[in-house]
Amino acid sequence: MENVDLLIHSAAQLCVVPAHNGPQRGAALGDLGIIPDGALAAHQGRIVATGRAADLRARFRATNEIDATGRCVLPGFVDPHTHLPWSGDRANEFEQRLAGATYMEIMAGGGGIMSTVRQTRQASVADLVADNLPRLQQMLAHGTTSAEAKTGYGLDTAAELKQLDAMLALDAAQPVELALTFLPAHAVPAGYSGRTDAYVDLVVTEMLPAGAAWMRQHNRPLFCDVFCEAGVFDLAQTRRILETARELGYKLKVHADEFEGLGGTALAVELGAVSADHLVRTPPADIQALGRGDTVAVGLPGTPFGLAHTEYTPAGQILAAGGALALATDCNPGTCWCESMQMVIALACRYMKLTQAQAVAAATLNAAYAIGRGTEIGSLEAGKQADILLLSVADYRQLGYRFGTNLVEMVFKRGQRVI
Ligand code: NIG
Ligand code: FE
């Protein structure tokens, strides 16, 4: 008998969600690798083996044994696109939108992202930590064990670095592991209105180098992201920012095609970005590009839902082109205040027309690839980090089908029970 820290056994279904030598692409999306009467052994935070309960119980003795009878076991969800951390809220703007104003009209009038920028600039690092810890706690309780977080509510060098410092403190303060993104090109701040190129100059000459220095100082990698959108940063400005970022050692992400398709997705593929996100109005040529490159397409169905729009990421077309599709919340105070990947799965099944199996693989393995961590997290394969969910139900197909309540009963992060 081998001694291990953790043995979860007798699961009605144990979903391995195996990597396909990378993410699950195109028609291959939805391979959950289900083991009935399944078991998993983990030691020192890593998965040692998965298999049939009878086999693993004969092989391993564990300090912590969990009987998962009648339960489904899954990899922890990975949320590869959030806008944590921020301060304040915009419930007033939601009320304006219900009365007919559009998101971009509110933004053009100085509200929207700039409203959260004003609130976030006033917050200290300690305030940001206090405001955002409960959100991370909700994410964890709903099964998210790793997430991405972005700046973008500072929009000046000091306030953007303050958001990075807050992310580092939040990462250390609770179990959800954070991948960090620098997004100084999230909006054109007051003082630069009508002078977007002057702000882009500031981004490339001062802000990106400051972020790169922060990376070296803290020995933490950063993604650089840009909101490539009509009326915000056009394709040429996006290219300038991303090419500069790449030279400075950032990995890349792009907000593309949320409201209009400007070519941001094809640019992301061309520059070797790790992901291109939103992709609601993606031109056909850009969808084909996703099939040829390694950039993961991240669908954020909570965002059109949050905006009460009717167009969603065309998942069928992306998969038909052979693309790798992931899901994320976009959790932010403007378009989609939602911490739950379970809710995102429910929306993706209905409006992106994914099966539950496709949505689960997109929210775990492929989502891990969307933050460049696919070889470490996102599946229950031996050698990977033991980030594990136990659902209160026996069948993974309850995910997506049911919504609005929490089906996650236990969460393990690096083999430790955290919920
Ligand atoms: O992904 N599109 C830009 N950023 C966010 C919204 C952020 C906000 O409104 O505060 C998004 O939808
Ligand atoms: Fe976003």
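Residues numbered from 1 in each chain as written. Chains lettered and ligands numbered in written order. Predicted model: local features only at pLDDT ≥ 70, side-chain atom pairs only at ≥ 80, totals over all residues. Heavy atoms only, no water.

S.K.: It is not clear to me how the site of ligand 1 should be interpreted in this structure. Could you clarify?
M.R.: Around ligand 1 there are 15 residues in total, and Arg-90, Tyr-103, Tyr-153, Glu-258 and His-278 lie nearest to it. In the environment of ligand 1, an oxygen atom lies 2.5 Å from a nitrogen or oxygen atom belonging to the side chain of Tyr-103. In the environment of ligand 1, an oxygen atom lies 3.2 Å from a nitrogen or oxygen atom belonging to the side chain of His-255. Protein contacts shield 100% of the accessible area of ligand 1, which totals 330 Å² for the unbound molecule. According to the grid-proximity analysis, the pocket containing ligand 1 is the largest cavity. Broken down by class, the residue content of the shell around ligand 1 amounts to four nonpolar, eight polar and three charged. (Near = heavy atom within 4 Å. Polar contact = N/O pair within 3.5 Å; in protein donor to acceptor, adjacent residues only side chain to side chain. Areas by Shrake-Rupley, 256 points an atom, 1.4 Å probe, with all protein chains shown as cover. 1 Å grid on protein atoms, 1.4 Å probe; cavity = no way out; pocket = protein on both sides within 12 Å on 5 of 7 lines; lining within 4 Å. Sits in = over half its atoms within 2 Å of the grid points. Nonpolar A, V, L, I, M, F, W, Y, C, P; charged D, E, K, R; others polar.)

S.K.: Explanation requested: empty space enclosed by the protein in the structure shown.
M.R.: Summed over all chains, the structure comprises two cavities of 30 Å³ or more. Counted as a void, the largest cavity has a volume near 100 Å³. Residue lining of the largest cavity: 14 residues in total, with His-83, Tyr-103, His-186, Glu-258 and Thr-335 positioned closest to the centre. Of the pockets and cavities examined, the second largest cavity occupies roughly 40 Å³. Pro-75, Gly-76, Val-78, Thr-145, Ile-377, Gly-378, Ser-379, Gln-385 and Asp-387 together form the lining of the second largest cavity. Class assignment for the residues of the lining of the second largest cavity results in three nonpolar, five polar and one charged. (Points joined across faces, edges and corners; volume = space filled by probe spheres on them.)

S.K.: Honestly, the pattern of salt bridges in this entry has me stumped. Any pointers?
M.R.: Here the idea is simple: oppositely charged side chains can pair when their charged atoms come close. Summed over all chains, the structure comprises 19 salt bridges. Across the salt bridge formed by Asp-225 and Lys-150, the nearest N and O atoms sit 2.9 Å from each other. Of this pair, Asp-225 sits in strand E9 (residues 223–228) while Lys-150 sits in strand E7 (residues 144–150), and the two are 75 residues apart along the sequence. For the pair Asp-225 and Lys-150, a shared accessibility class is recorded, and that class is buried. Between Lys-413 and Glu-177 there is a salt bridge, and its shortest N-O distance comes to 2.7 Å. Placement of the pair is Lys-413 in strand E15 (residues 408–413) and Glu-177 in strand E8 (residues 177–185), with a sequence separation of 236 residues. Among the residues examined, Lys-413 registers a relative accessible area of 4% and is labelled buried. (Salt bridge = Lys/Arg side-chain N within 4 Å of Asp/Glu carboxyl O. Helix = DSSP H or I, 4+ residues; strand = E, 2+ residues; numbered from the N terminus. Buried < 20%, exposed > 50% of the residue type's maximum accessible area, 1.4 Å probe, protein only.)

S.K.: Help me understand the layout of surface pockets, please; the structure alone is not making it clear to me.
M.R.: To find the voids left in a structure, one rolls a probe of water-molecule size over its atoms. Volume-wise, the largest pocket comes out at about 310 Å³. Forming the boundary of the largest pocket are 16 residues, of which Met-107, Ala-108, Met-114, Val-188 and Gly-231 lie nearest the centre. Residue assignment for the lining of the largest pocket shows that the elements contributing at least two residues are helix H3 (103–108) and helix H4 (113–121). If one sorts the elements of the lining of the largest pocket by residue count, H3 sits on top with three residues. Broken down by class, the residue content of the lining of the largest pocket amounts to 10 nonpolar, five polar and one charged.

S.K.: When you look at the coordination of the iron ion (ligand 2) in this model, what are you seeing that I'm missing?
M.R.: Each donor-metal-donor angle in an ideal tetrahedron of four donors is 109.5 degrees, and each such angle in an ideal octahedron of six donors is either 90 or 180 degrees. Here the iron ion (ligand 2) is held by His-81 (NE2), His-83 (NE2), His-255 (NE2) and Asp-330 (OD), and the distances to it run 2.1 to 2.2 Å. All donors of the iron ion (ligand 2) come from a single chain, and their spacing in sequence reads H-x1-H-x171-H-x74-D. Of this pair, His-255 sits in strand E10 (residues 251–256) while Asp-330 sits in the loop between strand E13 (325–327) and helix H13 (341–351), and the two are 75 residues apart along the sequence. Judged by its relative accessible area of 2%, His-255 is buried. The buried category is assigned to Asp-330, whose relative accessible area is 2%. (Donors = N, O, S within 2.8 Å, 3.2 Å for Na, K, Ca; no water.)

S.K.: Any chance you could explain the packing of aromatic side chains here in plain terms?
M.R.: When we look at a pair of aromatic rings, we describe it by the centre distance and by the angle of the planes. Per the stated rule, a full pass over the model turns up six aromatic pairs. Ring geometry for Phe-182 versus Tyr-250: centroids 6.1 Å apart, planes at 15°, classification stacked. With Phe-182 in strand E8 and Tyr-250 in the loop between helix H8 (235–247) and E10, this residue pair connects regions lying 68 residues apart in the sequence. An identical accessibility class is assigned to Phe-182 and Tyr-250; each is buried. Above the plane of the ring of Trp-86 lies Arg-135, whose end atom (NZ or CZ) is 4.2 Å from the centre. (Phe/Tyr/Trp six-rings, centres within 6.5 Å; stacked < 30°, edge-to-face > 60°. Lys NZ or Arg CZ within 6 Å of the ring centre and 35° of its normal.)

S.K.: Please explain the pairing of strand E12 (residues 296–299) as it appears in this structure.
M.R.: For a regular strand, side-chain orientation follows a simple rule: the groups alternate between the two sheet faces. Where burial is concerned, the two faces of E12 agree: the one with Val-296 and Val-298 and the one with Ala-297 and Gly-299 are both buried. Where strand E11 (residues 275–278) and E12 come together, three bridges link them in parallel fashion. Considered in E12, the bridge of Ser-275 is made with Val-296. At this point the chain moves from E11, through helix H10 (residues 284–292), to the parallel E12, and the crossover so formed is right-handed. Sheet analysis places E12 next to E13, joined by three bridges and oriented parallel. Residue Ala-297 lies in a different strand from E13, and its bridge partner there is Leu-325. (Pairing = 2+ DSSP bridges. Right-handed = clockwise from strand over helix to strand, strands pointing away.)

S.K.: It is not clear to me how the sheet that holds E8 should be interpreted in this structure. Could you clarify?
M.R.: Sheets are built from strands that pair by backbone hydrogen bonding, the pairs being arranged parallel or antiparallel. Strand order in the open sheet made by the eight strands is E6-E7-E8-E9-E10-E11-E12-E13, with parallel pairing throughout. Edge positions in the open sheet fall to strand E6 (77–79) and E13, since each of these has one partner strand only. For this sheet, the mean inter-axis angle between neighbouring strands, taken without regard to orientation, is 25°. Its contacts with the sheet place helix H7 (residues 196–218) against E8 and E9, and it is angled at close to 155° to E8. (Axes fitted to C-alpha atoms, helices over the stretch in contact; angles between N-to-C directions. Contact = heavy atoms within 4.5 Å.)

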